[in-house]
Amino acid sequence: MIFTRLARKNNAASTLALAVSIAAGGMVAASAFEAPAFAQKEKKSQPKYSKAFIEAYKPLETMASAEPVDYASIKAAVPGLVAAAENNDDRFAAGSFIYATAVKAEDQPTALQGMEMMLQSGNVPAENLGQYNFVAGQLAYAANDYAKARPYFEAAAEAGYTERDPLIFVAESYFAEDQAQQGLNYLSQIIESKVAAGEPVDEAWLKRGLAQAYNNNLKEEANKYSTWYVSQYPSDQSWGDAVAIQLNTGGYQQPETLDLLRLGQRAGALRDGNVYREYVDAADYRRLPAEVVAVIDEGYAKGSLDKTDPYITDTREQAASRAEADRADADKLIADANKSGATLSTVMAAGDTMLGLKRPADAEAMYTKALSMPSADKGMVSTRLGIAQFDQGKFAEAETTFKSVNGTRKPIADLWAAYASQKASGGA
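None of the values given here were measured: they were computed from a predicted structure.

In this section: the overall build of the protein. A tally of helices and strands in the protein yields 21 helices and zero strands. In the protein, 60% of the contacts between residues at least 6 apart in sequence involve partners at least 24 apart. Carbon and sulfur atoms make up 50% of the accessible area of the protein, which amounts to about 19,700 Å² in all.

So this is what it looks like as structure tokens:
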């Protein structure tokens with residue numbers, strides 16, 4: 001179900017909110033590491049453990065092999081093992097043992113201590129650096145130590161670890177700290193690199209970013225993520241969310257609202273009765289009666305509008321009468337607008353009427369003329385020119401026109417441009 005202007009954020013946002021979470025049990029298995037075999041005779045290729053470390057380690061090795069394992073006693077002896085480590089081979093072995101036993105005991109803070117010792121030793125094989133850093137990041141994240149988790153996730157990505165996309169957890173760490181803007185900045189960088197490389201973007205990332213932007217009233221970010229979302233994953237749902245978020249956050253007046261809802265209607269994304277009523281009000285039966293009739297009839301057909309609602313039935317009756325008059329006067333209106341002395345208001349009225357009457361070619365001619373006239377609201381005229389081109393199937397031209405729009409209407413035009421691009425490439 002899409003957002004509506006009447007839906008409060010704490011309810012509506014649940015349709016977008018998507019948890020990109022770290023499961024507590026998602027750590028790399030302890031079997032990835034092995035305790036050192038001290039009984040073997042050392043060779044040049046073998047680690048060189050200090051005597052003090054071996055003496056501290058052996059009792060712990062015995063305790064770890066007993067059944068049942070007395071983890072409390074092992075944990076109590078860990079500080080002594082750490083203190084006995086004199087070189088990097090000692091530190092790696094101590095970290096491996098601490099990590100492996102702590103994972104079995106589901107003691108995540110101590111597991112992190114072990115993982116950090118291994119990483120700090122410098123002895124982690126290059127091919128495993130990404131995996132080890134990722135696990136360290138997970139453990140720090142699970143402990144709510146987000147500042148510590150971030151560099152581990154970044155190091156994992158730098159080492160070439162791609163499983164579960166470690167950088168997404170950096171963004172999540174900012175969200176967990178209620179630093180939505182920082183998280184969105186980071187997430188945007190990841191998405192932009194994917195888009196630039198022509199790679200697909202995980203839908204969960206886009207939903208997550210969109211929810212964070214919307215819930216934290218970050219209008220520009222909401223606009224950006226809405227456009228990404230509908231571009232990457234076009235559907236009635238994504239278009240409905242994008243349109244509704246614009247309605248909720250844009251602060252638009254009726255002219256802008258009208259052109260936004262026209263997009264929703266053409267994308268098949270108007271499924272809520274409140275949105276249809278808003279469209280009816282924005283179109284205004286006194287100005288665009290034919291469009292009002294068409295919108296009400298669509299709302300009836302979809303079951304979104306109640307045929308017994310007196311406001312809707314009365315509005316449709318009055319609009320239908322005026323629509324017939326508009327159709328009868330349409331050619332005269334165009335002729336008046338084409339006169340050399342025609343005013344901007346006359347030309348725009350002709351363009352708007354033709355668009356509402358589903359005569360987009362005539363509307364395009366009127367809007368094109370209006371663009372060249374002094375005092376024209378170029379943002380509004382260009383938006384409606386793009387809609388007229390779109391309605392004729394001139395999708396590439398419409399996309400170019402929409403991309404020329406700046407200012408208040410730019411977020412609306414950007415969505416229109418995305419939809420025109422989809423249609424130009426044969427999308428639904």
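With 13 residues, helix α13 (residues 254-266) extends 18 Å from end C-alpha to end C-alpha; this agrees with the ideal 18 Å at 1.5 Å per step. If you check which residues of α13 are buried, you get Glu256, Thr257, Leu258, Asp259, Leu260, Leu261, Arg262, Leu263 and Gly264. Of the residues flanking the end of α13, it is Gly268, one or two places downstream, whose phi is positive at about 70°.

This part covers helix α9 (residues 180-196). With 17 residues, α9 extends 24 Å between its outermost C-alpha atoms, agreeing within 8% with the 24 Å of an ideal straight helix rising 1.5 Å per residue. For α9, the secondary structure elements touched by its buried residues are α7 (146-158), α8 (166-176), α10 (203-215) and α11 (219-232). A positive backbone phi angle near 70° is found at Gly198, which sits one or two residues after α9.

Scanning all chains against the criterion turns up 15 aromatic pairs. An angle of 70° between the planes, with centres 5.4 Å apart, marks the rings of Tyr57 and Phe97 as edge-to-face. With Tyr57 in helix α2 (residues 51-65) and Phe97 in helix α4 (residues 88-104), this pair connects stretches of sequence that are 40 residues apart. A relative accessible area of 0% places Tyr57 in the buried class. The exposure class of Phe97 is buried, given its relative accessible area of 5%. One aromatic cluster is present, formed by Trp239, Phe390, Phe395, Phe402, Trp416 and Tyr419 through successive ring pairs. Across from the ring centre of Tyr174, 4.1 Å away, lies the NZ or CZ of Arg150, which sits over that ring. Sitting above the plane of the Tyr285 ring, Arg286 keeps its charged end 6.0 Å from the centroid.

Glancing now at the packing of α9 against α10. At a minimum axis distance of 10 Å, the contact between α9 and α10 shows a crossing angle of 150°. Between α9 and α10, the interaxial angle falls into the category roughly antiparallel. Relative to α10, the crossing made by α9 is left-handed. Note on element contacts: α10 touches α9 through Trp205, Leu206, Gly209, Gln212 and Ala213, opposite Ala180, Leu184, Leu187, Ile190, Ile191 and Lys194.

For the rest of this paragraph, the subject is unusual backbone geometry. The peptide bond linking Glu67 to Pro68 adopts the cis configuration, its omega dihedral lying at -5°. By the secondary structure assignment, Pro68 is in the loop between α2 and α3 (71-84). One non-glycine residue, Glu106, lies in the positive phi region at around 55°. Tracing the sequence through the fold places Glu106 in the loop between α4 and α5 (108-121). Located in the positive-phi region is Lys358, a residue other than glycine, with phi close to 65°.

Of note, Glu364 is situated in helix α18 (residues 360-371). Other than its neighbours up to four places away in sequence, Glu364 contacts Leu385, Ala388, Gln389, Gln392, Lys394 and Glu397.

We now examine the confidence of the model for the protein. Averaged over every residue, the pLDDT of the protein is 88; the share at 70 or more is 89%. Contacts for the low-pLDDT stretch residues 1-44, under 50 throughout, to residues beyond four places or in other chains number 99 contacts.

The subject of this paragraph is the nonpolar core. Grouped burial of nonpolar side chains is what soluble globular proteins tend to show. Core analysis: the biggest nonpolar cluster contains 64 residues, and Trp239, Tyr367 and Phe402 have the highest contact counts within it. For this core, the leading source of residues is helix α21 (residues 410-424), giving eight residues. Residue contacts for Tyr367: discarding those within four places in its chain leaves Met348, Gly351, Asp352, Leu355, Val381, Arg384, Leu385 and Ala388. In terms of nonpolar packing, the next biggest core, distinct from the first, is built from 61 residues, Ile98, Ala111, Tyr225 and Tyr229 among them.

Cut-offs and rules
- Residues numbered from 1 in each chain as written.
- Predicted model: local features only at pLDDT ≥ 70, side-chain atom pairs only at ≥ 80, totals over all residues.
- Heavy atoms only, no water.
- Helix = DSSP H or I, 4+ residues; strand = E, 2+ residues; numbered from the N terminus.
- Contact = heavy atoms within 4.5 Å.
- Areas by Shrake-Rupley, 256 points an atom, 1.4 Å probe, with all protein chains shown as cover.
- Expected span 1.5 Å × (residues − 1).
- Buried < 20%, exposed > 50% of the residue type's maximum accessible area, 1.4 Å probe, protein only.
- Phe/Tyr/Trp six-rings, centres within 6.5 Å; stacked < 30°, edge-to-face > 60°.
- Lys NZ or Arg CZ within 6 Å of the ring centre and 35° of its normal.
- Axes fitted to C-alpha atoms, helices over the stretch in contact; angles between N-to-C directions.
- Parallel < 35°, antiparallel > 145°, perpendicular 65-115°, else oblique.
- Left-handed = near helix turned anticlockwise from the far one by under 90°.
- pLDDT = per-residue confidence, 0-100.
- Core = buried A, V, L, I, M, F, W, Y, C linked by side-chain atoms within 4.5 Å.

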